[in-house]
Protein chains: 2
Amino acid sequence: MGFAGTTCLVTGGYGFVGSNLVHRLLAEGAHVRVVDALIAGHGGTRLNLAEASGVDVLEARIGAPEVADLVAGADLIFNVAGQVSHTASMRDPLTDLELNAIDHARFLETVRRVNPDARLVHTSTRQVYGRADRLPADELTAARPVDVNGVAKWAGERLHMVYSDAYGMAATALRLTNTYGPRQRLTSDELGVLPVFIRKALRDEPIEIFGDGSQRRDCMHVDDVVEALLAATAPAGVGRTYNVGHSVDHSLAEIAGIVVAAAGSSSEVRTVTWPSEHARLDIGSFATDSTRIAVELGWKASIDLTDGMRSTLAFYREHPEYLA
Amino acid sequence: MGFAGTTCLVTGGYGFVGSNLVHRLLAEGAHVRVVDALIAGHGGTRLNLAEASGVDVLEARIGAPEVADLVAGADLIFNVAGQVSHTASMRDPLTDLELNAIDHARFLETVRRVNPDARLVHTSTRQVYGRADRLPADELTAARPVDVNGVAKWAGERLHMVYSDAYGMAATALRLTNTYGPRQRLTSDELGVLPVFIRKALRDEPIEIFGDGSQRRDCMHVDDVVEALLAATAPAGVGRTYNVGHSVDHSLAEIAGIVVAAAGSSSEVRTVTWPSEHARLDIGSFATDSTRIAVELGWKASIDLTDGMRSTLAFYREHPEYLA
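Basis of the calculations
- Residues numbered from 1 in each chain as written.
- Chains lettered and ligands numbered in written order.
- Predicted model: local features only at pLDDT ≥ 70, side-chain atom pairs only at ≥ 80, totals over all residues.
- Helix = DSSP H or I, 4+ residues; strand = E, 2+ residues; numbered from the N terminus.
- Expected span 1.5 Å × (residues − 1).
- Buried ≥ 20, exposed ≤ 12 C-beta atoms within 10 Å, placed from the backbone.
- Contact = placed C-beta atoms within 7 Å.
- Nonpolar A, V, L, I, M, F, W, Y, C, P; charged D, E, K, R; others polar.
- Pairing = 2+ DSSP bridges.
- Axes fitted to C-alpha atoms, helices over the stretch in contact; angles between N-to-C directions.
- Parallel < 35°, antiparallel > 145°, perpendicular 65-115°, else oblique.
- Left-handed = near helix turned anticlockwise from the far one by under 90°.
- Least-squares fit on C-alpha atoms with pLDDT ≥ 70 in both.
- Core = buried A, V, L, I, M, F, W, Y, C linked by C-beta atoms within 7 Å.

Asks: Outline helix H1 (residues 16–28) of chain A, listing residues and values.
Replies: Residue and element names in this part refer to chain A. For H1, which comprises 13 residues, the first-to-last C-alpha distance of 19 Å matches the rise-based estimate of 18 Å (1.5 Å per residue) to within 8%. Every buried residue of H1 is accounted for by Phe16, Val17, Gly18, Ser19, Asn20, Leu21, Val22 and Leu25. Summarising the contacts, the buried residues of H1 are in contact with strand S1 (7–11), strand S2 (31–35), strand S4 (76–79), strand S5 (119–125), strand S7 (178–180) and helix H7 (222–231). Looking at the residues trailing H1, positive phi occurs at Gly29, about 95°.

Below, the structure written as structure tokens:
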């Protein structure tokens, strides 16, 4: 695929995944537009695009009417904006539903009105599966989310598929697994375990794992996610939903050990009893089956966790502002 | 189960399913409270409770703060309120999401705050399955709705399950199939095919079926649905989701024929080409597997379509105000 000369809109472009995509699209020679609301507590920060030049940025919610100006004329729309915190979604369910579902309905109405022929890719999450009845979970596994975030993300994702089918728009949905890499917000405890592990390893602080540490997860470097986002724009992906995970999984204890080793950190890894407010949201082990995207779009995660963590930690050592 | 002396809240109690439940609960000796917003174009009408006495009614949205007064002290809460029109959900997606998902989040927050120990039953729809990848669809079949209504109803349903699991609340979700019976709004073309068939048969008007009439559906009399709602309050149903369908299905052409015969009508049944705005929402044939509720709660649809239609048509002949 050639992205040079195309006009791309990235929603959530100040965020972790969004900003890495922006940098990649710029490197490919694309014209890049960004809309991001910079909502407090989320992953977005202007820091993430400080070194990106020529990007047209609108600081607004994706549901805002003025977003139409950025949607108009875009060849490709990467709709990455969203709230990712499970705990925040339980504390404030209405805001999560507003950001992950309602704003996406508004955004889809805008796209349908001003640019229905744009190629559209939405980032969803493996969180929609919740406690899946079978593992590894493929795309035909019933979604049974355990928190409001999983419900709202699924609704936002399905709206993209409804608009794709009902109006002949060209949308693709990607269900991303736990992701790490440069430009992730490290200073929150609510944006996933990986940035917490990284922050603690960099600070030589103890890493606490809830439960016995045996819960398994697959972890993906953001560069692999960016590759998946680009691959998803292929014609074969229209109207399709894909798991985007890593074929190798690890226990949380192993993952923490890999992070500590990659950091050369003196952090101790401890297991602690589940705090009551988290225990009911625990899904145990999880594994994704990403065969569909491999077969249909030729994408496969290629970055090994140890290698990916080494380069990630090097990035944060060079950019201590992410720990400030 | 004994419902005599219990206090029951029925949301959407002026509506089709809700009002039939209210009448049944009154007959069982329950104290009944109703909240209903009487939203224009929906199925709710004061007519449906005109013969019900002693019901405490609040005319409000379920998300309204004053609903807390009816939630407090209720032993059983039947959360039946919702918008059911597929076409309306596409015309105005934000309103459908607001009514079927956001208002339910608000309602659940109210229940959690003022009466978290209440037994809670939510009515969802087989529409969440959309174009299922396997038929008959059981509860582990992935939901792939084809319209905004299916997305929003699924979100409202899953919120009940999240609250049940995360907060130890006692909720059950029922995915209802196409339902017919007394107290259904017949004068709208947007509330399902069955009330349209009934209206046209009663008026001896031609019945038009989109496509070739071979699409199969199971149809359930509302008395069977009410039985399922009562059965769902059993302890075994806590935290569970159930398909509530009929084990016998028919083609739409057969269903129209059964309605016409039951009505002794001179209506002609015609097949017509799919109108373009409906064609993309077509799911083809559908069938539900309702084994789970039979095994776990002992419920099974018992009313044959011909018998159910005969008594339904007799009701409407005695109550011509439903055709006005």
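Asks: So what's going on with the interface of chain B and chain A? Residues and values would help.
Replies: Counting from both sides, the interface comprises 27 residues of chain B and, opposite them, 27 residues of chain A. At the level of secondary structure, the elements contributing two or more residues to the side of chain B that touches chain A comprise helix H4 (93–114) and helix H5 (148–167) of chain B. Here the residues of the side of chain B that touches chain A are counted per class, giving 19 nonpolar, 1 polar and 7 charged.

Asks: Tell me about the sheet that holds strand S9 (residues 216–221) of chain B, residues and numbers included.
Replies: Residue and element names in this part refer to chain B. Pairing is mixed across the open sheet formed by 3 strands, whose spatial order is S7-S9-S11. Edge strands, defined here as strands with exactly one partner in the open sheet, are strand S7 (178–180) and strand S11 (249–251). Pairs of neighbouring strands in the sheet enclose a mean axial angle of 50°, with direction left out of account. Judged from the 3 bridges that link them, S7 and S9 form a sheet pairing that is parallel. For Tyr180, the partnering residue across the bridge sits in S9 and is His221. Along the sheet face, helix H8 (residues 252–263) touches S9 and S11 and points at about 95° away from the line of S11.

Asks: Tell me about the packing of H4 of chain B against H5 of chain B, residues and numbers included.
Replies: All names here are of chain B. At their nearest, the axes of H4 and H5 sit 8 Å apart, and the two run at 15° to each other. By the criterion of interaxial angle, the relationship of H4 to H5 is roughly parallel. Seen from above, H4 lies across H5 with right-handed handedness. Across the interface between the two elements, Pro93, Asp96, Leu97, Asn100, Ala101, His104, Ala105, Leu108 and Arg112 from H4 touch Val148, Asn149, Ala152, Lys153, Ala155, Gly156, Leu159, His160, Tyr163 and Tyr167 from H5. Residues belonging to the contact of H4 with H5 are distributed by class as follows: 11 nonpolar, 5 polar and 3 charged.

Asks: Could you give me a rundown of the relation of the copies chain B and chain A, with the residues and numbers involved?
Replies: The transformation that overlays chain B on chain A combines an axial shift of 0.0 Å with a rotation of 180°, and the residual RMSD is 0.0 Å. Seen this way, the second copy is the image of the first under a two-fold rotation axis. Residue Ala142 of chain B of chain B places its C-alpha closer to the rotation axis than any other residue of that unit, at 2.0 Å. In this assembly, 100% of the residues forming the interface of chain B have copies in chain A that are likewise at the interface, indicating an isologous arrangement.

Asks: I'd like to hear about the environment of Arg175 of chain A, residue by residue, with values.
Replies: Residue and element names in this part refer to chain A. The residue Arg175 is located in strand S6 (residues 170–176) in this model. The spatial distance from the C-alpha of Arg175 to the C-alpha of Thr241 is 7.5 Å, given a sequence separation of 66 residues. With residues up to four places along the chain from it excluded, the contact list for Arg175 reads Ser124, Thr125, Arg126, Val128, Thr241, Tyr242, Asn243 and Val244.

Asks: Explain the sheet that holds S4 of chain A residue by residue, including any values.
Replies: Residues and elements named next belong to chain A. Ordered in space as S3-S2-S1-S4-S5-S6-S10, the 7 strands form an open sheet in which the pairing is parallel. Edge strands, defined here as strands with exactly one partner in the open sheet, are strand S3 (56–58) and strand S10 (241–244). Sheet twist, expressed as the mean angle between neighbouring strand axes with direction ignored, is 20°. With 7 bridges joining them, S5 and S6 adopt parallel strand pairing. Across the sheet, the residue bridging to Ser124 is Arg175, located in S6. Of the strands in this sheet, S4, S5, S6 and S10 touch H7, which is tilted by about 160° from S6.

Asks: For the pairing of strand S4 (residues 76–79) of chain B, give the residues involved together with the corresponding values.
Replies: All names here are of chain B. Here S4 shows two buried faces, one formed by Leu76 and Phe78 and the other by Ile77 and Asn79. The sheet contact formed by strand S1 (residues 7–11) and S4 spans 4 bridges and is parallel. Paired with Thr11 across the strands is Asn79, a residue of S4. Note that S4 and strand S5 (residues 119–125) share 4 bridges and pair parallel. The residue bridging Ile77 from the neighbouring strand is Leu120, located in S5.

Asks: Quick rundown of the nonpolar core? Include the residues and the values.
Replies: Ranked by size, the top nonpolar core spans 196 residues in total, and within it Phe197, Leu229 and Val259 of chain A together with Phe197, Leu229 and Val259 of chain B carry the most contacts. With residues up to four places along the chain from it excluded, the contact list for Phe197 of chain A reads Ile207, Ile255, Ala256 and Val259 of chain A.

Asks: Which residues make up unusual backbone geometry, and what are the values?
Replies: The omega angle of the peptide bond from Leu135 of chain A to Pro136 of chain A is -5°, so this bond is cis rather than trans. Structurally, the position occupied by Pro136 of chain A is in the loop between S5 and helix H5 (148–167). Positioned with a positive phi, Arg183 of chain B is a non-glycine residue whose angle comes to about 70°. With respect to the secondary-structure elements, Arg183 of chain B resides in the loop between S7 and helix H6 (193–202).

Asks: Could you give an account of the environment of Ala231 of chain A, naming the residues involved and the relevant values?
Replies: Residue and element names in this part refer to chain A. Structurally, the position occupied by Ala231 is in helix H7. Overall, the presence of 23 C-beta atoms within 10 Å leaves Ala231 in the buried class. Spatially, the C-alpha atoms of Ala231 and Lys300 are 10.0 Å apart, while their sequence positions differ by 69 residues.

In short, geometric facts, not functional conclusions.
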